[in-house]
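Observations on the three-dimensional arrangement
Residue strings, one per chain:
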Amino acid sequence: MHVLLLSLIGLAFVLIIIEDLIHLNKAKSTLFIGTLVWILAFVFPEHSVAHIKEGLNENLLDIATLWLFLMAAMTFVAYLNQQGLITQLVYRLLPTKLTLRTLMILMALMGLMFSSLADNITASLIMLSLLTSLKLDKKQTLKFATLIVFAVNSGGVSLITGDVTTLMIFLAGKVDITDLFLLIGPACAGVISLALLLMWGTNEEVTLPKFKRPIATVDKLIAVLFLLTIFSTLFMSVAFSVPPVLTFLFGLSVMFISHRLFHRSEKSPDILESVREIEFDTLLFFLGVLLLVGMLKELSVLEFLLQLYDILPTYLANFVVGILSALVDNVPLTAAILKSGISMSTAEWLGLTYAVGVGGSILIIGSAAGVIALSKLEEVSFITYLRFIHWLLLAYTLGYVSVMFIANL
């Protein structure tokens, strides 16, 4: 049974990697195998059923906390995106005419900003939508897509609202919110360095399209509520140790009530419809992955991950784990390290946070942002993206070294 469970878990991770080849959504495959292994563990227990039940309950608590937080944050973003407010903001921020070099820097900074406040999927869709509207040639489109993937992944590492792995490490009590702010500088340094490398030999001027339309007052109000919820989550966590999920759910309830008060008519659209617009594939994928990792803990397999940290210094092992996240999804990698009981200093946990958040950018299949770019742009493929792997590794290394330097001051 031990071998069967490990084989099923291995199959689940293989299915994640070859998702685009077999056209089987990774959310479906991980949820199927993630629940199957636990059912088999109950039917054919190697330990007592009480022990297995305790392990499952512990796993489900972690999953519920992550699920509820993501659901609240993604509902805010889904509503604002549905109303076109985010897209309008992007086009209004950019000038009508500018050089490709300037545009590359601006898009890198916007990718950092949006992925810090919203989820990587939404940030990627916004930035790639802007890129396709520019009608650039194949070579420039590929460069911009590479920069967007790296910028979106980098932007999320410094805030718990921006990246799931950052949220996981924070919820595990390994870093504080104030510690995470130290990652802002290194993330920007890595992205700007990549932009400078990619813009070499580029100086053409482009004209941007404008799609201005009025923004409803209620949409502006909800955008402000979203920002207030983010800042309140940070403040309440630091000042009173209020769990972030609780503050965000409260902010979501205020959003629902405010919308209802603004639209007193019974015929007004129900804002709860926005819940149906969120990426449930993402939530189901995380559910399946965390069930799989929970089973790995039950099978004591995560202890093997400690061997990498026995062979290499912790800071170097974290660097390698970040590169591995380009091949294996960073969520299971992060969950595995958290559950393995590895002991690290705050600086080393910050290094890991950056590594698993940004390392997936090295390969196009290593992150949600990369997979979206792969599916949305004909110019981007696994092979064409590899053309910039040396620059991506250099930018990733620069960012990681910057994290270790700043965190150890």
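Computed from a predicted structure; not experimentally measured.

What to know about the packing of helix α3 (residues 26–43) against helix α14 (residues 280–298)
Two numbers describe how α3 lies on α14: the axes approach to 8 Å, and their chain directions differ by 35°. Crossing of α3 against α14: the hand is left-handed. Listed contacts from α14 to K26, A27, T30, L31, I33, G34, T35, V37, W38 and A41 of α3 are D281, L284, F285, L287, G288, V289, L291, L292, G294, M295 and E298. Per-class residue counts for the contact of α3 with α14 are 13 nonpolar, five polar and three charged.

Digging into the nonpolar core
Core analysis: the biggest nonpolar cluster contains 140 residues, and V37, L103, M107, L131, F150, L352 and Y354 have the highest contact counts within it. Here the element with the most residues in this core is helix α4 (residues 49–82); it accounts for 15 residues. Setting aside residues no more than four positions away along its own chain, L352 makes contact with I169, Y309, N318, V321, I337 and M344.

Re α3
Taking 1.5 Å of rise per residue, 18 residues should cover 26 Å, and α3 covers 26 Å from first to last C-alpha, within 8% of that figure. With a side-chain oxygen positioned 2.7 Å from the backbone nitrogen of A27, the residue opening α3 is N25.

Digging into the side chain of T233
Summarising the element assignment, T233 is placed in helix α12 (residues 217–240). With residues near it in sequence (within four places) discarded, T233 still touches I160, I177, P244, T247 and F248.

Some points on the environment of F286
Inspection of the secondary structure assignment puts F286 in helix α14. Judged by its relative accessible area of 7%, F286 falls in the buried class. As for F286 and N59, which are separated by 227 residues in sequence, their C-alpha atoms are 12 Å apart. In contact with F286, not counting residues within four places along its chain, are L70, V164 and V331.

A short note on the packing of aromatic side chains
Across all of its chains, the model carries eight aromatic pairs by this definition. With a centroid separation of 5.2 Å and 25° between ring planes, the pair formed by F76 and F226 is classed as stacked. Of this pair, F76 sits in helix α4 while F226 sits in helix α12, placing them 150 residues apart in sequence. The same class applies to F76 and to F226, which are both buried.

Some thoughts on α14
Across its 19 residues, α14 extends 27 Å between first and last C-alpha, which sits within 8% of the 27 Å expected from 1.5 Å per residue. In terms of burial, α14 is a largely internal element, 15 of the 19 residues being buried. Where α14 terminates, the next one or two residues include S300, which has phi positive at roughly 60°.

Conventions we followed
Residues numbered from 1 in each chain as written. Predicted model: local features only at pLDDT ≥ 70, side-chain atom pairs only at ≥ 80, totals over all residues. Heavy atoms only, no water. Axes fitted to C-alpha atoms, helices over the stretch in contact; angles between N-to-C directions. Helix = DSSP H or I, 4+ residues; strand = E, 2+ residues; numbered from the N terminus. Left-handed = near helix turned anticlockwise from the far one by under 90°. Contact = heavy atoms within 4.5 Å. Nonpolar A, V, L, I, M, F, W, Y, C, P; charged D, E, K, R; others polar. Core = buried A, V, L, I, M, F, W, Y, C linked by side-chain atoms within 4.5 Å. Buried < 20%, exposed > 50% of the residue type's maximum accessible area, 1.4 Å probe, protein only. Expected span 1.5 Å × (residues − 1). Polar contact = N/O pair within 3.5 Å; in protein donor to acceptor, adjacent residues only side chain to side chain. Phe/Tyr/Trp six-rings, centres within 6.5 Å; stacked < 30°, edge-to-face > 60°.

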